[in-house]
Structure formats: structure tokens, C-alpha cells
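Structure at a glance
One-letter residues, chain by chain:
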Amino acid sequence: MNRYRIELDILKGLAIIAVVLYHLGILPYGYLGVDTFLVINGFLIIPSLMKSSLEANFSFGNWHVRRIGRFLPIVIVASVVCLTIGYFVMIPDDYENLSESTFASLFFGQNVLSAITTKDYWNSVNEYRPLMHFWYLGVIVQFYFFLAILLSLYRRYLSAYNTKRYLMILLGVLCIASLILYLCPISFNTKFYYLPFRIWEFCIGGIIGIIMLNKEIKISRLFSIACIVFLLILYSFSPQSFAEIDTITIIGAEQVPNMEYWSKELLCLLTVLLSSILLFRTKKDLWGRARWFAIIGKMSLSIFVWHQILLAFIRYCFVDKISINIFVIFII
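Keep in mind that what you see is a predicted model, and the values were worked out from it rather than measured.

1. A look at the overall build of the protein chain
Helices and strands together make up the secondary structure of the protein chain, namely 14 helices and two strands. For the protein chain, with 332 residues in total, the buried portion stands at 52%. For the protein chain, the proportion of contacts with a sequence separation of at least 24, taken over those separated by at least 6, is 82%. Roughly 15,800 Å² of accessible area belongs to the protein chain as shown, and the carbon and sulfur atoms make up 65% of that amount.

2. Topic: the pattern of salt bridges
Overall, the coordinates contain eight salt bridges when judged by the stated rule. Measuring nitrogen to oxygen at the nearest pair gives 3.3 Å for the salt bridge that ties Lys12 to Asp9. Here Lys12 pairs with Asp9, and both are found in helix H1 (residues 6-24), just three residues apart, close to one helical turn. You can call Asp9 buried: its relative accessible area is 7%. For Lys191, the salt bridge identified is with Glu265, shortest N-O distance 2.9 Å.

3. Some points on a nonpolar patch on the surface
A contiguous nonpolar patch, built from Ile76, Val80, Phe103, Leu106 and Phe107 and spanning about 510 Å² of accessible area, is present on the exposed surface. Secondary structure elements with two or more residues in the nonpolar patch: helix H3 (60-89) and helix H4 (92-106). Here Phe107 is to be found in the loop between H4 and helix H5 (110-116).

4. Let's talk about the packing of aromatic side chains
Tallied over the full model, the rule gives 26 aromatic pairs. On the numbers, 4.6 Å between centres and 25 degrees between planes, the contact of Tyr121 with Phe192 is stacked. One end of the pair, Tyr121, is in the loop between H5 and helix H6 (135-157); the other, Phe192, is in helix H8 (residues 188-193), and 71 residues separate them in sequence. The burial state of Tyr121 is the same as that of Phe192; both residues are buried. Note on Trp135 and Tyr136: the rings are 6.3 Å apart at their centroids and 85 degrees apart in plane angle, and the pair reads as edge-to-face. The exposure class of Tyr136 is buried, given its relative accessible area of 9%. Across from the ring centre of Phe192, 4.9 Å away, lies the NZ or CZ of Arg198, which sits over that ring. Here Lys264 stacks its cationic end above the ring of Trp122, 4.3 Å away from the centre of that ring.

5. Examining the side chain of Lys191
Among the structural elements, Lys191 can be located in helix H8. Given a relative accessible area of 2%, Lys191 falls into the buried group. A distance of 2.9 Å separates polar atoms of two side chains, one belonging to Lys191 and the other to Glu265.

6. Observations regarding the environment of Leu270
Relative to the helices and strands, Leu270 resides in helix H11 (residues 264-277). Leu270 sits in the partly exposed class, given a relative accessible area of 30%. On a C-alpha basis, the gap between Leu270 and Leu231 in space is 8.2 Å, while along the polypeptide they are 39 residues apart.

7. Observations regarding the side chain of Ser275
As for its position among the elements, Ser275 is in helix H11. Exposure remark for Ser275: the relative accessible area of 1% places this residue in the buried category. If near-sequence neighbours (up to four positions away) are discounted, Ser275 is found in contact with Leu11, Thr36, Val39 and Leu231.

8. Overview of the confidence of the model for the protein chain
Atom-level detail of predicted coordinates should not be read off regions where pLDDT is low. Here the protein chain averages 86 in pLDDT, while 89% of its residues score no lower than 70. Within the model, pLDDT remains below 50 along residues 248-261, and this stretch shows 39 contacts once partners closer than five positions in the same chain are excluded.

9. Regarding the packing of helix H2 (residues 33-53) against H3
The geometry of a pair of packed helices is captured by two quantities: the angle between their axes and the separation between those axes. At a closest axis distance of 11 Å, the pairing of H2 and H3 adopts a crossing angle of 150 degrees. With respect to H3, the axis of H2 lies roughly antiparallel. Considering only the axes of H2 and H3, their crossing is right-handed. Here Ile45, Leu49 and Ser53 of H2 lie close against H3, whose contacting residues are Phe60, Trp63 and Arg67. Here the residues of the contact of H2 with H3 sort into four nonpolar, one polar and one charged.

10. Re the packing of H3 against helix H13 (residues 300-317)
Interhelical geometry of H3 versus H13 gives an angle of 10 degrees and a closest axis separation of 11 Å. One way to sum up the angle between H3 and H13 is to call them roughly parallel. Only Leu301, Ser302, Val305, Trp306, Ile309, Phe313, Tyr316 and Cys317 of H13 make contact with H3, whose side of the interface consists of Arg70, Phe71, Ile74, Val77, Ala78, Val81, Cys82, Ile85, Gly86 and Val89. Partitioning the contact of H3 with H13 into residue classes produces 15 nonpolar, two polar and one charged.

Criteria and thresholds
Residues numbered from 1 in each chain as written. Predicted model: local features only at pLDDT ≥ 70, side-chain atom pairs only at ≥ 80, totals over all residues. Heavy atoms only, no water. Helix = DSSP H or I, 4+ residues; strand = E, 2+ residues; numbered from the N terminus. Buried < 20%, exposed > 50% of the residue type's maximum accessible area, 1.4 Å probe, protein only. Contact = heavy atoms within 4.5 Å. Areas by Shrake-Rupley, 256 points an atom, 1.4 Å probe, with all protein chains shown as cover. Salt bridge = Lys/Arg side-chain N within 4 Å of Asp/Glu carboxyl O. Patch = residues over 30% accessible without salt bridge, like charges linked within 9 Å, V, L, I, M, F, W, Y side chains within 5 Å. Phe/Tyr/Trp six-rings, centres within 6.5 Å; stacked < 30°, edge-to-face > 60°. Lys NZ or Arg CZ within 6 Å of the ring centre and 35° of its normal. Polar contact = N/O pair within 3.5 Å; in protein donor to acceptor, adjacent residues only side chain to side chain. pLDDT = per-residue confidence, 0-100. Axes fitted to C-alpha atoms, helices over the stretch in contact; angles between N-to-C directions. Parallel < 35°, antiparallel > 145°, perpendicular 65-115°, else oblique. Left-handed = near helix turned anticlockwise from the far one by under 90°. Nonpolar A, V, L, I, M, F, W, Y, C, P; charged D, E, K, R; others polar.

The following block contains the structure:
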């Protein structure tokens, strides 16, 4: 777990590409890349915090400062940029909505604001909202707080017991409870934004991470390749042709399938399953020829933050549909 694993950055690189292409309107299911990120977050954060929290001099407060300190500077810069540009180009009502999003984002509550206001991630109005994608950072930070509180209670009342065993049981119970809640017949838009419906994704990654702390489990190269192929198929399910890029819009567009035969829950479950499998090590080198994806993966946070801001202002100020020329400029 302490060794750098290039495959995690490659997986993040593939996921962020899927998310960006989704917002461009090319991959209707590219938003599933976010579910991959949640699993990876659980894999990296839960074992690390579990190990650190048992140290006598460990401070949850300092840990939170370090974690939030990773996100807050870029959120502040992005908010200032959006407010500055919005002041000159947005009508008052839209600028007011941007101000609300800025305030919520600075306190990592954009997911709650979106669930209350827009209520639908696939609503076409989100195309023009520069900070609408910060709902993801809200879920991440809220999970950090939840996990820290949970482990602080554990350290206080249960630290005398077998740490790994009881933590695995605790994570397993949380995972099952959250998954059951996720599968309940509740509006998917509610499930999409609120943390209780997302905890199971973190927990699955965390459980695998704890297992890998002391035992390195490897899977076959062929099985890894199959999982990558199926994951990419999920990301690009019913992909739009690049030749039609000038005729399509993104979220809520008529061209995006309505999933009458494929439930969003099923697609999410499959994405989490495949992403989880890929957290295990591969028996033979599989990633050597895909190292440039790792560079993208290392930049995934910055790419995530800025791509929607740029897209939203392009749509708001210039054109609401992405042409090939604009696509090339955007990528550059």
C-alpha cells in the first residue's frame, strides 16, 4: 500500500477522460467515471486513516486540515474566477445562482444545494452552471468528516478489540446498509447527490485497501484486460459519433438515452464492481504502455475542476452546442 501504484493513476486518467467527454456530450454514460473515483478514494483514504487513527499522537483535526487543504485552494481560485467572469457576462438571476453555488462550494455543500434546487443532474440547465460539478467534492469531504467521526468513536470505545477484524465488520455493515438504501425505490436524483447513498462505494474500496495492507492479492493479466474493456464499454455505452458532435448538447439532451432498459443503478453497480477488481494488482505488467494516462490521472483534480467551468462559460457566452473547432480549442 505504501508503494506507488501507477495503475491507480491510469485508472483515474481513464475515469476523468470519461467524465470530460460526458460533459462534452460524446459519452452519454461517461459520468460513471465519478463512481470509479469514489471507489479509489475509499481504497486510498480508509486504510490510511484507519492506520493513523490508532497512533497515540494522531489528531483528526490536523488530518482534516491536510485533506481539506488539498481541495480548498483550488475551490477558492475557481470560485473567484467564476464570480469575476460571471459579473461581466451573466444576467442578474444567473449570477445570483452562481453566487449561491460559490457559497455552497466553499463549504463543500454543492451536492446538497443541487439536490434542493436543480434536483436533477441531467437537467439541461446544468450545462450553463460553472460550479455544478462541485457536488462531487461535497460528497468527498462529507465522507471524510463522517469517517473521522466514526473512527474517533471506534478508537474511544472499541480500540481494545482486534482492530482489523472489527473495522472490516464495521465497514461491511456500513457498506451493506448504504447499498440497501441505494437500491430502495427512491428517486435516483436523491441517490445521486446525498452521501448516505454513496457510502457503499467508498467502503468497497476501503475493504479492498485494508485487505491489501497485509496481503498482496494479484489477478491475472487477462482478467484485468477484460475488466478494463468492460469498464470502457460502460463509460462509452451508446457513444455519439464525433461526426455528429456539432449537433449534440450534453446533460438532458434528447440524444442521450433515457435508459428505459438499463437502470442507472445497474450501470453504477457494474462500474463499482469492475473498478474494485482493478484495485488488485496484476500478476504481469499490464500498464507499461499506458503510462501517459497516468499523467492525466495525476492532473485529474485540476482537469475535473476546470473543464466544466470552461465549458459552461463557452456555452453561456458563445454557443450552446460544441462544434469540432470548439472541441479542439477546448482540448488544447
